[in-house]
Amino acid sequence: MPIYARAKLVIHENCLEPVQGSPHPGPGFIDIKYTGPNPQNLYPKIKELFFNIWKIDIHELQEKDILWDRSRGEERFRVTFDMIKDKDNFSFIQVLVRLTGEARPSKEFGKEGTASIRIEGRIRTEYPQDTLWQRSLLYEMARVFYDRVIYTERRKKYVQECRTELSMLLSEIKSFLAILAEHK
């Protein structure tokens, strides 16, 4: 769970960037474009995938920036799924999936249109720095030692877990898009 402190040290690591030393730079996100039948069906599928892959409770997934406009016979939609999954007292995984699209009536499929999906994942580690003790030089030296000697390996493990789970999400979304596209 994120630490709610007035002052905190935050270590932020993107799960989708390449491993250090890799010659291939990465953008830190994945974009998927879809054109075909029933793009509005992506909304319930993505929501279901969050619960299946991360085994989260209902309160760990928030839907933000929601727009569902059904005027003029067309559907325009936009939603950002924001999931926070605790790993321990200091770190959590945050996954953001932004779905935008539009669907219009179709005689062949019921509805057809386009959708765009952006997937981002990060590990955040937060050390509170509210109290006098937490701001002291002795505490900072102990925290740096703990972070560099002990906790770095754990954080690397969390990043690898995040990458694996995001690749599962990506493959499930792609297979669902293939099923939608088969109905052409």
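Coordinates for the structure precede this section.
Predicted, not measured: the structure shown is a model, and the values here were computed from it.

Draft legend 1. Expanded view of the pattern of salt bridges. Tallied over the full model, the rule gives 18 salt bridges. The partner of Arg118 in a salt bridge is Asp31, with the nearest N and O atoms 2.8 Å apart. In this pair, Arg118 is assigned in strand S6 (residues 110-128) and Asp31 in strand S2 (residues 29-37), connecting sequence segments 87 residues apart. With relative accessibility at 37%, the residue Asp31 sits in the partly exposed group. Linking Asp65 and Arg98 is a salt bridge whose minimum nitrogen-to-oxygen distance equals 2.6 Å. Placement of the pair is Asp65 in strand S3 (residues 61-69) and Arg98 in strand S5 (residues 91-106), with a sequence separation of 33 residues. Judged by relative accessible area, Arg98 falls into the partly exposed class, the value being 32%. A cluster of three or more residues bridged by salt bridges with shared partners is formed by Lys8, Arg124 and Glu126.

Draft legend 2. Region of interest: a nonpolar patch on the surface. Where nonpolar side chains cluster on the molecular surface, the patch consists of Trp133, Leu137, Leu138 and Met141 and spans about 500 Å² of accessible area. Residue position: Leu138 is located in helix H2 (residues 137-182).

Draft legend 3. The packing of aromatic side chains, seen in detail. In the structure shown here, the tally under the stated rule is 10 aromatic pairs. A connected cluster of aromatic rings, assembled from ring pairs, spans Tyr43, Phe50, Trp54, Trp68, Phe77 and Phe81. Arg118 extends its terminal NZ or CZ atom over the ring of Phe29, reaching a point 3.7 Å from the ring centre. Against the face of Tyr127 rests Arg143, its NZ or CZ located 5.0 Å from the ring centre.

Draft legend 4. The arrangement of the state of the cysteines in detail. Taken as a whole and assessed by the stated rule, the structure comprises 1 disulfide. Across the disulfide from Cys15 sits Cys162; the S-S distance is 2.2 Å. Where Cys15 bonds to Cys162 through sulfur, the torsion about that S-S bond is close to 105 degrees, and the disulfide is right-handed. Of the two residues, Cys15 sits in the loop between strand S1 (8-14) and S2 while Cys162 sits in helix H2, which places them 147 residues apart along the sequence. On the basis of relative accessibility, which here comes to 1%, the residue Cys15 falls in the buried class. Overall, Cys162 belongs to the buried group, its relative accessible area being 0%.

Rules used in this analysis
Residues numbered from 1 in each chain as written. Predicted model: local features only at pLDDT ≥ 70, side-chain atom pairs only at ≥ 80, totals over all residues. Heavy atoms only, no water. Salt bridge = Lys/Arg side-chain N within 4 Å of Asp/Glu carboxyl O. Helix = DSSP H or I, 4+ residues; strand = E, 2+ residues; numbered from the N terminus. Buried < 20%, exposed > 50% of the residue type's maximum accessible area, 1.4 Å probe, protein only. Patch = residues over 30% accessible without salt bridge, like charges linked within 9 Å, V, L, I, M, F, W, Y side chains within 5 Å. Areas by Shrake-Rupley, 256 points an atom, 1.4 Å probe, with all protein chains shown as cover. Phe/Tyr/Trp six-rings, centres within 6.5 Å; stacked < 30°, edge-to-face > 60°. Lys NZ or Arg CZ within 6 Å of the ring centre and 35° of its normal. Disulfide = S-S within 2.5 Å.

Structural measurements only, silent on function.
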